[in-house]
Amino acid sequence: MNDFKTCTNCNEKLPSTKEFFHAQKKGLHGFRSVCIDCNRVIAKKYRSTDEYKEKARVSHAKWREDNRDKHLEISRRSWANNGIKYNAIRKDKYNTDEDFKQKKKNAEKRYKESGARYLANSKPEQMEKARIRSKKRRLIDEKKDHDYARNAKWREKYREQLNLNSAIKRNELHKSYVAQCMRLKTEDLNENIYQTKKLIIQLKREFKNI
Ligand SMILES: [Zn+2]
């Protein structure tokens, strides 16, 4: 099987194997006349022509129409996997591409005016979804109230311990406490001022105790 074959595009003599040529039943040795590398370049060039783009647009649209469920499934899956990435790209395009922005705005306007959203939301299954959503929200609110009451009870029970804890915290003169004394945010308090103020507070306390 030491057959060679000359690519009709680059005139390179290459082994007749599937590493160098795509298969074609009627071709010499069962391969195409153009080598894989040339084929790639030619195909890429062809895909960038308007003629191809238009053809592809039509045929893709037809495929989506004929395979509606499959298409929905594919796009659903791809949004689940890459939605965040897609949204970031769209957002970027929206902010930089004026044409795209206008297109989106027009589409939004058309959608609003068509009343499609109202129609979609008044379908029984959508109403059911909305009912479940609001029930969930209500449950979350109830849980919040419940948690708050439970925490209040807990605070009441351990009031002494909690007061002691905060007293200890105050005595340690943490940065956050010193900042609070100076009506500053913790991150705005610089190290020198913190150390100085800490000393002042400690001294004041010492004098109080004498
Ligand atoms: Zn070639």
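For every chain, the first residue of the written sequence is number 1, and numbering continues from 1 along that sequence. For this predicted model, a pLDDT threshold of at least 70 governs which residues receive local features, and a threshold of 80 or more governs which side-chain atom pairs are given and counted, while totals over whole chains, interfaces and linings are taken from all residues.

Trainee: I'm lost on the domain arrangement of the protein chain in this one. Help?
Mentor: Interfaces are often sized by the accessible area lost when the parts come together. In terms of domains, the protein chain is made up of domain 1 (4-47), domain 2 (62-114) and domain 3 (172-209). Boundaries between domains were set according to an automatic or database domain assignment. Computed over C-alpha atoms only, the centres of domain 2 and domain 3 are separated by 55 Å.

Trainee: What's the story with the confidence of the model for the protein chain in this structure? I'm lost.
Mentor: The predicted coordinates of low-pLDDT regions are not to be read in fine detail. Within the protein chain, residue pLDDT values average 90, and 99% of them lie at 70 or more. Between the elements of the protein chain, mean pLDDT differs from a low of 83, seen in helix 5 (residues 116-121), to a high of 95, seen in helix 2 (residues 50-66). The quantity called pLDDT is the predictor's confidence in a given residue, expressed from 0 to 100. The helix and strand labels rest on DSSP assignments: H or I over at least four residues marks a helix, E over at least two residues marks a strand, and numbering proceeds from the N terminus.

Trainee: Looking at this model, I keep getting lost on helix 1 (residues 36-47). Mind explaining?
Mentor: Structurally, the α-helix is built with 3.6 residues per turn, so residues lying three or four positions apart point the same way. For a helix, the expected span equals 1.5 Å multiplied by the number of residues minus one. Compared with the 16 Å implied by 1.5 Å per residue over 12 residues, the 16 Å span of helix 1 between its first and last C-alpha is a close match. Across the 12 residues that make up helix 1, only a small minority, 0, are buried. Counts of 20 or more other C-beta atoms within 10 Å of a residue's own C-beta define buried residues, counts of 12 or fewer define exposed ones, and intermediate counts define partly exposed ones; C-beta atoms are placed from the backbone.

Trainee: I keep staring at the environment of Gln 195 and nothing clicks. Help me out?
Mentor: Summarising the element assignment, Gln 195 is placed in helix 9 (residues 191-209). As a C-alpha pair, Gln 195 and Leu 173 span 22 residues in sequence and 9.9 Å in three-dimensional space.

Trainee: Please explain helix 3 (residues 68-96) as it appears in this structure.
Mentor: Between its first and last C-alpha, helix 3 extends only 33 Å over 29 residues, short of the 42 Å set by a 1.5 Å rise per residue. In helix 3, a bend of some 80 degrees at Asn 82 exceeds every other bend along the element. For helix 3, the tally of buried residues reaches only 0 of 29 residues, placing the bulk of the element at the surface. The angle between axes fitted to the seven residues ending at a residue and the seven residues starting there is what we call the bend at that residue.

Trainee: Would you mind going over the environment of Cys 7 with me for this structure?
Mentor: Of note, Cys 7 is situated in the loop between strand 1 (4-6) and strand 2 (13-15). Taking the C-beta count within 10 Å as the criterion, Cys 7 has 19 such neighbours and is therefore assigned partly exposed. Placed 28 residues apart in sequence, Cys 7 and Cys 35 show a C-alpha to C-alpha distance of 5.5 Å. When near neighbours in sequence (up to four residues on either side) are disregarded, Cys 7 contacts Glu 12, Leu 14, Val 34, Cys 35 and Cys 38. In this description, any two residues whose backbone-derived C-beta atoms lie within 7 Å of each other are considered to be in contact.

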